[in-house]
Every structure is written in structure tokens, then in C-alpha cells.
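Close look at the chain arrangement
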Amino acid sequence: MSTQHDKQLDHIYQALGAKGRFTVLQIVLLWVGMIPCGFQLLSNVFIGSSVPHRCANITKDEEFLDTYGDSISHSNVTVVYETCSINIVINDTVFDKKNCLFGTYYHLPIESSFVSQFDLVCDSKNLARLTQTLVIIGQAFGAMLGSILSDRFGRKPVIVGTHIGLLVSGLVIAYSPNIIVFSASKFMVGAFQQGALTSIANIMLELMRIKDRRLSAALGGLFWASGVIVLDIIAYILRSQSWRTIQLVLSLGTIPTFVEIFLLKESLRWLLVNGKKAEASAYVVTAARMNGTTQKKVSEVLRLLATIDTRINTERQDENDGQTTDSGSKVGLKTSDKMSYLDLFRIPRLLLNTLILWIGWFTVTLGFFSIYLSSTTLSGDRHLNFFLTALMEVPSNIFFYFGLNRYGRKNVIIFIFLVMSVGLVGSGIFRSFEQTSLNSGLSLGFNMIAMAGASGGFGILFFYTPEIFPTNIRTQALGMCSMIGRSGGMLAPFTALLSEKAKWGPGLLIGCLACVVVALSWFLPETNGRELPQTLDDVLSWFKTNKEKKQMDCQDSLLKRNQGNEENKNDNTIV
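None of these values were measured; they are calculated from a predicted model.

The rules behind these values
- Residues numbered from 1 in each chain as written.
- Predicted model: local features only at pLDDT ≥ 70, side-chain atom pairs only at ≥ 80, totals over all residues.
- Heavy atoms only, no water.
- Core = buried A, V, L, I, M, F, W, Y, C linked by side-chain atoms within 4.5 Å.
- Buried < 20%, exposed > 50% of the residue type's maximum accessible area, 1.4 Å probe, protein only.
- Helix = DSSP H or I, 4+ residues; strand = E, 2+ residues; numbered from the N terminus.
- Contact = heavy atoms within 4.5 Å.
- 1 Å grid on protein atoms, 1.4 Å probe; cavity = no way out; pocket = protein on both sides within 12 Å on 5 of 7 lines; lining within 4 Å.
- Points joined across faces, edges and corners; volume = space filled by probe spheres on them.
- Nonpolar A, V, L, I, M, F, W, Y, C, P; charged D, E, K, R; others polar.
- Phe/Tyr/Trp six-rings, centres within 6.5 Å; stacked < 30°, edge-to-face > 60°.
- pLDDT = per-residue confidence, 0-100.

For the rest of this paragraph, the subject is the nonpolar core. In terms of nonpolar packing, the biggest core is built from 123 residues, with F114, L268, L357, F417 and I460 touching the most fellow members. In terms of residue count, helix α20 (residues 437–467) provides more of this core than any other element does, 12 residues in total. The residues touching L357, leaving out its near neighbours within four places in the chain, are L461, Y464, T465, I468, F469, C481 and L524. The next biggest cluster of nonpolar side chains, apart from the first, holds 7 residues, and it includes C55, V77, I86 and C100.

Turning next to empty space enclosed by the protein. In this structure the tally under the stated criterion is 5 cavities of 30 Å³ or more. Approximately 380 Å³ is the volume attributed to the largest cavity. Of all the secondary-structure elements, those providing two or more residues to the lining of the largest cavity are α2 (21–42), α8 (179–207), α9 (213–237), α18 (393–407) and α20. Across the lining of the largest cavity, the residue classes tally to 13 nonpolar, 9 polar and 2 charged.

Next up on the list: the packing of aromatic side chains. Tallied over the entire structure, the rule returns 16 aromatic pairs. Ring geometry for F368 versus F369: centroids 5.4 Å apart, planes at 85 degrees, classification edge-to-face. Measuring from ring centre to ring centre gives 5.7 Å for F430 and F446, while their planes differ by 20 degrees; the resulting arrangement is stacked. Linking F430 in helix α19 (residues 409–432) with F446 in helix α20, this pair joins segments that are 16 residues apart in sequence. Given a relative accessible area of 18%, F430 falls into the buried group. Look at F446 and you get partly exposed, because its relative accessible area is 23%.

Attention now moves to the confidence of the model for the protein chain. Here the protein chain shows a mean pLDDT of 80. Residues at 70 or above account for 83%. Here helix α25 (residues 546–574) stands out as the element of the protein chain with the lowest mean pLDDT, 51, in contrast to helix α10 (residues 243–252), whose mean of 95 is the highest. Below a pLDDT of 50 lies the segment residues 322–337, which in the model reaches 31 contacts outside its immediate sequence neighbourhood of four places, other chains included.

And the structure:
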């Protein structure tokens, strides 16, 4: 569709009741669908928490020392069972160290965490971190495949299908007999979660009028935050239960989303772009009936809808019959119908936009997951720390609503990433100091500031990325950016290794990356007040400078003058 068609769609939404019961119902359904996405993504924080442990001693110390024979005397010898080693201490000096020969003793019930359930400690501790990385790898896979399927078959089938997949894979995790099944299911959870999230983000954006698009960003962020807060509440209520029980309850939280099968409607924009005339008409009739629209307005809307559909078909036919160059290739992409994700690399301007967004997505994902995964390791109650961290997602989304149109997308990106940078660096500095009540409080405070920035970064990128790509590669572009960003999430669980060497290290690293994003954002287009681009020409027109426009005008004037001179010359010849 062209930009003009996009404006006409705004008229359709307005005539049907842009804020009527139909739109409200669709938004509520998308909210219900977003909540379990947060459950499954961050469940490891509670079902995979660290459990205090030490090497087990199933024999008497004397019997163990007998294995050394005459090499040591039992006098002044002590056997110390450390976290991951058995130390033989003679006169306060470590004589020998051995691995946990008799297994591991946990100070909490073994079912309290999958870490203790599958014995993922000491030499196997990185396997516990790897399970969260597998979730992110699954997200990358789901972002790419889910977005392609969403553009090909529609938003609704992908949303419904991925929610069913979330339920099944979540239940498999709850009943996993070993770490292999558990890890494989974690990968599937990530794939389904991101497939659902990208499609929900796009259908919510496409549901809004031009002037209401900022609302989709604010609502999307608030919906996500509400899901994360509910996750913490559920984990707190079930804190005395096994990790399997917590995972089971979180998985069953996907069941309410099945109402989408009956009540969620496909994106009207997607239906029109893909020639689904009958479905588009049914969409209008359903919306009109729910909103109480008069029959006269319905008839007008259906006539306008038929006009848009006819023009789209004409443009598609013009594209099929388009001119070619001497080499037989198309002169240019006049519509987005035939575009694919490969065009993101073939067209220089799209490539530049894509690369900058990749860096932004990588940085914000690395920061976001590092903050959440480390929040429960801060001093104080882990549930309270997680709750306060999650709560900071709310103000950033309120800022979205009031700031996006007033200050512009690029200025919001700059501000948000600077906030994340300051918060991460500050939190890292105070965590490296002696943990007094003051330093612990300041560390938590800066961590909350960092989360406000990271959450805002996610929100603005989810909102801004679809705004700068044409319709038929919009979801694919969002999916690819999200996929690249997941590489940052894959590394997030292992920032703890850097923190063990220098507690300020992760914050400084991610904070510097955020500053790089701030610098690169100047090269991105400002989309404030612009319609969603439907064609490649819509995107490229944003980058035509005043000088280029003047040159084009001069060329047109020169061409007209030459044509006039030629006509005069012909007239003189005739005379």
C-alpha cells in the first residue's frame, strides 16, 4: 500500500471507532497474550536460583584420612568440606584438596531449584547459565522464523500457534527427567516466546492510527512489565514449593491466551496488502457491529475498502509489468510486495539503518538480561529486589507516551540509552565497594535506574524498528534485529564471570556500548509524524536532502526549458 492508502486506513479506523469496544478488546487480548511471554523468559531467576551447598561427607573423617596411609598423622589434621572441594588442613595449612568425592550436600531441599535437582554446581555450574543462553538462542531462531511466517501467513496464526507451543514446552520443562530434556525445552520456549512477541508487537502497531502509534509502545511496555511483576508475585507466593511446581503454574498461565483463537482478529493492513478482500470486509463488519457503527458508515467504509483493494491490485500488476533495465533487472522496487529480508543488505540505506539497529538491539538485550539476572544477587530480599527492578519498567513506558511525539524518536533513543549507561556504571561502582547498607542501597538504586533505561531501550526499539521498514518486510526486519540482539542476551548470563574478576566490569562495558548507540543514532531517520512506510520509495524519500530536491527541481526546469527551445526552433524552421 502507498502512503495515501495508509491515510485512508486511518479514516477507516476513525469511521469504525478507533477507540471503540472492538479496539479495546483486541488490545486486551494482546495484553493477555504478552503476560506469559515474560513468565517463560525470566523463570530461571526463580526456578534456577543458587542453592547453598558444600561437599558431602558420607564417611567418618578418620576413615577418609586412612586413605592417605602413613603419609600424614591424624594429629592436628582437619578435614574441611568446602563448597566444591574437600580440604585436608594440617596446622592451618592446606595439605591436599580433592573434589567432592561423596557428592554434594545442599542446605535447602534438593527440589528447591533445578540447579540442585540436576547437580549443576562446581565444575557444572556453567551448565545452569547455559540453559538461559539456550532460551536466548531459541529467541533468535523464533524471531527470524516467526517473523517470516507472520508476514507470509498472518499475525494471528503465529500468535496462536506460538502460545500453544509455549504451553507444551513449559510443561515439558516442569517434568524434565534430566538436564538434556530441560535444556532442549528451554530452547523451544525461547523460540515460541519470541515468535509470539514479535507478532504481537506488529499487530498492535498496525491496529493503531498514525497519531496513536505511540500508544502501542507505551501499552506494549506496560503489558510486558505487568507480566514480569506477576511472575515475581507468583514466585513469592510459591517460594516454599519446588521449582517444578513454580514452573507448572507459570506454564498454565498460558491457557487464558487461547481465547485469541475465537476473538483475536487478523491485522487489517496485512489482509489488504495480501489481497484478502473477503477477510478485510468481514473485519470491518465485525468491528462495526461491536462499536455500534451506523449502517451508512459501514457502507462508506466498505466502498473505501474496495477502492484501496483495487489500487493495491493495480500497483501489484504494475510491479509485475514494470520496466526493466538493459540487463533485464527491475529499475527499482516501487512497492514492497516482492521485498524480502535480503533487501536489507542489498539496498545501502536499509543496510545502514539495519546495522545501527543491530548494535542497539545487542546492547539493550545484553543490559536488560544482565540487570534482571543479577537483581536477585543484590543485598536484601531477592523477591523485593526483583519486584523493584521490574517496577522501573513502568515509568519508562509512561515517558514513552508523553515524550515520543513531543521530543521525537531519536531524542528518546539518546536519552534512554544514556540513562541505562549511567545506571549500569553507577550500580557496578557501588557493588565493588564494601557492602554497607548505604552502598547496597545505592547499588540497588542505580540498578533500578539502569532497568528504567534498558526497559525503555527495548520499548523504543520494538516501536521504532517497524517504523522505518516497508510493510512486507516490516516483521522480517524486526525479527532479524531481534535475532541479532539475542546474541547479547546469550552473553548476559556469563557477565557474572566478569563480575567475579571486577564487579564494576559488566556495568562499564555495557555502559560504553550504550554511548556508542547514542552516537550512531544521529544517522537514523526521524519518524515522528510520518506514516508507516508501505514502499521502499516511502523510506528513501526521507533521506532526500534539500540540496537534492533543489537539484531535481533545477533538472526539471532545465528539461522544460530545453523542450521549449526545441519547440521554438521547430516553429522558426517551419516559418
